[in-house]
Amino acid sequence: MLQTIVHYGCHILIPLSVALIWYKTSWKWAFLIMFSGMWIDLDHLLANPVFDPDRCSINFHPLHSYYAIAFYLILLLPKKTRLFGLGLVIHIIADTIDCSLM
């Protein structure tokens, strides 16, 4: 139960905090862009079973692979993709924390 709360709390609270602190005038838009990083969880549909509470997503699912993570880090560099990249990196950090709590 604690693992689930921490996991989803990170997915929501970290992007919300970043948006409120650094994007005060457009925090809603910033939060939505960063929260859209949740779409990478669609790759869980390729796994069997789709949900396994004892499985670490990092380097198991295609959009959670080390190659994908490197791409997400590159997205942080250009200003136009920075928020989306930040959302993806926050997502990966949340999943990494989740893996460490297993």
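Conventions we followed
- Counting restarts for each chain, with residues numbered from 1 along the sequence as it is written.
- For a predicted model such as this one, the threshold for reporting local features is a pLDDT of at least 70, and the threshold for listing and counting side-chain atom pairs is 80 or more; totals across whole chains, interfaces and linings nevertheless cover every residue.
- Side-chain calculation: all heavy atoms of the structure are included, whereas hydrogens and water are not.
- Of the grid points, spaced at 1 Å and generated over the protein atoms alone, those admitting a 1.4 Å probe that cannot get out make up cavities, while open sets with protein on both sides within 12 Å along at least five of seven lines make up pockets; any residue with an atom within 4 Å of a point is treated as lining.
- Grid points are joined across faces, edges and corners, and a volume is the space filled by probe spheres set on the points.
- Strands are runs of DSSP state E lasting at least two residues, helices are runs of H or I lasting at least four, and both sets are numbered from the N terminus onward.
- Cysteine sulfur pairs qualify as disulfides if the two atoms are within 2.5 Å.
- Relative accessible area decides the class of each residue, using a 1.4 Å probe on protein chains only: under 20% of the type maximum gives buried, over 50% gives exposed, and in between gives partly exposed.
- Classification of ring pairs uses Phe, Tyr and Trp, with its six-membered ring standing for Trp, and accepts pairs whose centres are within 6.5 Å; under 30 degrees between planes counts as stacked, over 60 as edge-to-face, and the remaining range as tilted.
- Where helices are involved, their axes are fitted lines through C-alpha atoms of the stretch in contact, as for all axes, and angles between N-to-C directions lie from 0 to 180°.
- Angle categories: roughly parallel below 35 degrees, roughly antiparallel above 145, roughly perpendicular from 65 to 115, and oblique for all the rest.
- By convention the crossing between two helices is left-handed if the near helix lies anticlockwise of the far one by an angle smaller than a right angle, and right-handed if it lies clockwise.
- Here, residues are in contact when the closest pair of their heavy atoms is within 4.5 Å.

Caption draft 1: Geometry of empty space enclosed by the protein. Evaluated as defined, the whole model comprises one cavity of 30 Å³ or more. Approximately 40 Å³ is the volume found for the largest cavity. Along the walls of the largest cavity sit H11, P15, M34, F35, G37, M38, G87, I90 and H91, which together make up its complete lining. The element that contributes the greatest number of residues to the lining of the largest cavity is helix α4 (residues 82-100), accounting for three residues.

Caption draft 2: Region of the structure containing the state of the cysteines. For the structure shown, the criterion picks out one disulfide. Paired by a disulfide, C56 and C99 hold their sulfur atoms 1.9 Å apart. Here C56 and C99 share a disulfide; its torsion about the S-S bond, 95°, makes the bridge right-handed. Here C56, found in the loop between α2 (27-35) and α3 (66-74), pairs with C99, found in helix α4; they are 43 residues apart in sequence, far enough to count as distant. Residue class for C99 comes out buried when judged on its relative accessible area of 19%. Free of any disulfide, C10 has its nearest neighbouring cysteine sulfur in C99, separated by 12 Å.

Caption draft 3: The arrangement of the packing of aromatic side chains in detail. Tallied over the full model, the rule gives two aromatic pairs. For the pair F31 and F35, a centre-to-centre distance of 5.4 Å together with 20° between the ring planes defines the contact as stacked. Of the two residues, F31 and F35 both sit in helix α2, four residues apart, roughly one turn of that helix. Under the relative-accessibility criterion, F35 is labelled partly exposed at 30%.

Caption draft 4: Examining the packing of helix α1 (residues 2-22) against α4 more closely. Packing of α1 against α4 brings their axes to within 9 Å, and their N-to-C directions diverge by 155°. In terms of their interaxial angle, α1 and α4 are classed as roughly antiparallel. Crossing of α1 against α4: the hand is right-handed. The residues of α4 that touch α1, namely those facing Q3, V6, H7, C10, H11, I14, P15 and V18, are L86, I90, H91, A94, D95, I97 and D98.

Caption draft 5: Region of interest: the layout of surface pockets. Volume-wise, the largest pocket comes out at about 380 Å³. What lines the largest pocket is a set of 17 residues, and nearest its centre among them are H7, Y8, F51, D52 and D98. Looking at the lining of the largest pocket, the elements with two or more residues in it are α1 and α4. Broken down by element, the lining of the largest pocket gets its largest block of residues, five residues, from α1.

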